[in-house]
Structure formats: structure tokens, C-alpha cells
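What follows is the residue order along each chain.
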Amino acid sequence: MRSLWLTAVLAAVSALVAAAPPAKVYQVVIDNLAFGPAPAVVHVGDTVRWVNDDLFLHSATASDHSFDLTLQPKGSGGVVMKRAGVISYICRYHPGMKGQIVVRK
Amino acid sequence: MFRKLSIAAALAAASVGVAFAQPAAAPPNDAQIAHIAYTAGVIDIAAANQALQKSTNPQVRAFAEEMVRDHKAVNDKALALVQQLHVTPQDNPTSQALTAAANQKLAADASLTGHAYDVAYVENEVAYHKTVNGALASTLIPDAQNAQLKALLQTGLKLFQMHQAHAEQLAASLK
């Protein structure tokens, strides 16, 4: 009886896993006053994490206001991408620093 | 000779308009270059601290805070580098002239208030960063011998160019 119940639970869990692929975490490294390359493919639900390897305080500030992370020198911060689209972002302290994330469904 | 003329010209173009003698000597050595770069940062931090005392404009204050933070970060790195290289920064006529001109500017701006002060501070930030960037690109970076010092000066140039652009945006918004 118990083994039947377990089988049912396992089946349900594996169905869920199959329906929603696990969310991934991607990194963008900031160095020498520039955002590093963006991940090629980001899906809704994935996390983008900025790692500030620079000497200076930076931010990752989305032009559509969907995120605004303050990134201490040698610090990091991440955000879950909630909708598909092209998101442009800058450093609000050094507006010459620009980046872009393409999020797919 | 050309390089000597170009740094003299760049520095003479400073908004403060103070002419100073540049002795016809050899190009600056690394100890002098480190001193000039450090001094340039100290001057901008002093100007920003004056702005934080005097200005009530949130954008001007945010810019001044950025100047304090960024120039301190570069200068801390420069200090760590000269210690690592066992180099003692060497005072020189360029550093002295920069400091004298900056002190005059601080004294002149001390009597200004409100919008007039904000405009004077931000316009001088545009001119000052332009001058320092010119000196970095034409003289200090090419003359630096040590690769790590040269790399730090290049980072400084990239940063100060962003500061110049930011100051230009801010100056336009104050008009």
C-alpha cells in the first residue's frame, strides 16, 4: 500500500519536473567599467546575477524599471526575469556603461 | 619637447586659468606621475566635499557623492600600488600648480550660493575632468614606465571620461 502511494507521488513529481524545466542562474561579470557579455539565452523564471569585480560602486538599472540593483565593489546581486522581452540596462552611476538581456518565454 | 608643451597647454587650459611655470625638464618619472594622478583625485574630492556642504540640489549632491566614492577608490588603489612597488610619490611643479589653482577655485566658489554655486561647481567639473583627461592621454599614460601604473592610469582615464560625460549631462540640466 505504502509503495503504491510512493509511486504515485514520484510520478506526480516527475510530471511536474517535466512540465517546468528547472530555472537557471546566469552571471554577468562587471570589470573595468563595463558589463561583461550577456547570457545567450535567458528564459522567464531564470535568474541573472551581476558580479561586480570592479573597484567602483555600480548598479544594474533596467530602463523599464523592472530591476534596479546596487552592486558594491566585489559584491553581487541577482534578479528573476519575470517577462519576455529585450531589457536594456545601465549603471546609474556611470551611464556610459550599458547592457542588454534578451528574455524568452 | 612636444609632450612637455602639450601637458603645459592642457593644464593651462584649466578653467581656473592660472598659468604656472613648467620647467623645461625631462618628462615626469613614475614617482611624479603617481603624485600628479593622486593629487588630481584629492582635488576633485575636496571640490565634491565643498559641494556636499553647500548644495541642496539632489542631482548635484549625488554627483558629488559619486566623485568622492570613485576618486577615493582609485586613490586607494594607487596608494596600494606605490607601496607594493616601493615607490614614494614625488611632489613636483605640476602637482603644486594643480593644488594652488584648485585652492583658488574653492575660495572663489565659497562665496557663491544656491543655483549659482551648483552651476559653478558642475561647469568646473566638466572643465577639470577634460583637463585631467587630456593630461592623462597625452602625457601621463604615455610617459608611465611601470605596466601596473600605466594600467591604473588607463582605468582612471576611462572612469574620468565617464565623470566628464556625467558632468556635461548635469551641466546641461542646470541651464
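Residues numbered from 1 in each chain as written. Chains lettered and ligands numbered in written order. Predicted model: local features only at pLDDT ≥ 70, side-chain atom pairs only at ≥ 80, totals over all residues.

## Thoughts on the overall build of chain B
A tally of helices and strands in chain B yields six helices and zero strands. Scanning chain B from its N terminus toward the C terminus, one meets helices and strands in the order α-α-α-α-α-α. Taking all 175 residues of chain B together, the buried fraction comes to 37%. Excluding contacts between residues fewer than 6 apart, the proportion of contacts in chain B whose partners are at least 24 apart in sequence is 80%. (Helix = DSSP H or I, 4+ residues; strand = E, 2+ residues; numbered from the N terminus. Buried ≥ 20, exposed ≤ 12 C-beta atoms within 10 Å, placed from the backbone. Contact = placed C-beta atoms within 7 Å.)

## Considering the confidence of the model for chain A
In the predicted model, chain A carries a mean pLDDT of 88, and 80% of its residues have values of at least 70. The spread of mean pLDDT over the elements of chain A runs between helix α1 (residues 2-19) of chain A, the lowest at 60, and strand β4 (residues 47-52) of chain A, the highest at 98. (pLDDT = per-residue confidence, 0-100.)

## Let's talk about the pairing of strand β6 (residues 68-71) of chain A
Residue and element names in this part refer to chain A. Of the pairings in the sheet, the one linking strand β5 (residues 58-62) to β6 comprises four bridges and is antiparallel in character. Paired with Thr 61 across the strands is Asp 68, a residue of β6. Here β5 folds back onto β6, and the loop between the two strands holds five residues, one of which, His 65, carries a positive phi near 65 degrees. (Pairing = 2+ DSSP bridges.)

## Concerning unusual backbone geometry
At Leu 33 of chain A, a position not held by glycine, the phi torsion is positive, near 60 degrees. Looking at Leu 33 of chain A, the number of C-beta atoms within 10 Å reads 19, which means it is partly exposed.

## Regarding the nonpolar core
With 40 residues, the main nonpolar core has Ile 33, Ala 37, Val 60, Leu 140 and Leu 153 of chain B as its most contacted residues. Taken together, the elements giving at least two residues each to this core come down to α2 (30-54), α3 (58-84), α4 (93-110), α5 (114-143) and α6 (147-174) of chain B. Once residues lying within four places of it in the same chain are set aside, the contact partners of Val 60 of chain B are Ala 51, Ser 55, Asp 118, Tyr 121, Val 122 and Leu 170 of chain B. By size, the runner-up hydrophobic cluster in this structure holds 15 residues, among which are Ala 60, Phe 67, Leu 71 and Tyr 89 of chain A. (Core = buried A, V, L, I, M, F, W, Y, C linked by C-beta atoms within 7 Å.)

## Let's talk about the interface of chain A and chain B
If you look at the interface, chain A gives 10 residues, while chain B gives 12 residues. Counted by class, the side of chain A that touches chain B contains seven nonpolar, three polar and no charged residues. (Nonpolar A, V, L, I, M, F, W, Y, C, P; charged D, E, K, R; others polar.)

## Topic: the sheet that holds strand β3 (residues 42-43) of chain A
Residues and elements named next belong to chain A. The strand order across the open sheet formed by five strands is β3-β9-β8-β5-β6, and the pairing between neighbours is mixed. This sheet does not close on itself; its edge strands, each paired only once, are β3 and β6. Of the pairings in the sheet, the one linking β5 to strand β8 (residues 85-90) comprises two bridges and is antiparallel in character. Directly across from Thr 61, in β8, lies its bridge partner Ile 90.

## Comments concerning the confidence of the model for chain B
Residues and elements named next belong to chain B. The share of residues in chain B with pLDDT of 70 or more is 86%, and the mean pLDDT across the chain is 89. Confidence over residues 12-21 falls short of pLDDT 50; this stretch has 18 contacts with residues more than four positions distant or in other chains. Two summary scores accompany this predicted model of the complex, namely pTM at 0.82 and ipTM at 0.79.

## What to know about the packing of α5 of chain B against α6 of chain B
Axis angle and axis distance: for two packed helices, these are the angle between their axes and the distance between the axes, and together they describe the pair. Residue and element names in this part refer to chain B. It is at 8 Å that the axes of α5 and α6 come closest, and there the two elements cross at 155 degrees. Here α5 lies roughly antiparallel to α6, going by the angle between them. Helix-helix and strand crossings are classified by hand; for α5 and α6 the assignment is left-handed. Grouping the amino acids of the contact of α5 with α6 by side-chain chemistry returns 15 nonpolar, seven polar and six charged. (Axes fitted to C-alpha atoms, helices over the stretch in contact; angles between N-to-C directions. Parallel < 35°, antiparallel > 145°, perpendicular 65-115°, else oblique. Left-handed = near helix turned anticlockwise from the far one by under 90°.)

## Quick look at α6 of chain B
Turn by turn, an α-helix covers 3.6 residues, leaving residues three or four places apart pointing in a common direction. All names here are of chain B. The first and last C-alpha atoms of α6 sit 40 Å apart over 28 residues, in line with the 40 Å expected at 1.5 Å per residue. Those residues of α6 that fall on the buried side of the exposure criterion are Leu 149, Leu 152, Leu 153, Gly 156, Leu 159, Phe 160, Met 162, His 163, Gln 164, His 166, Ala 167 and Leu 170. Lining the buried residues of α6 we find α2, α3 and α5. (Expected span 1.5 Å × (residues − 1).)

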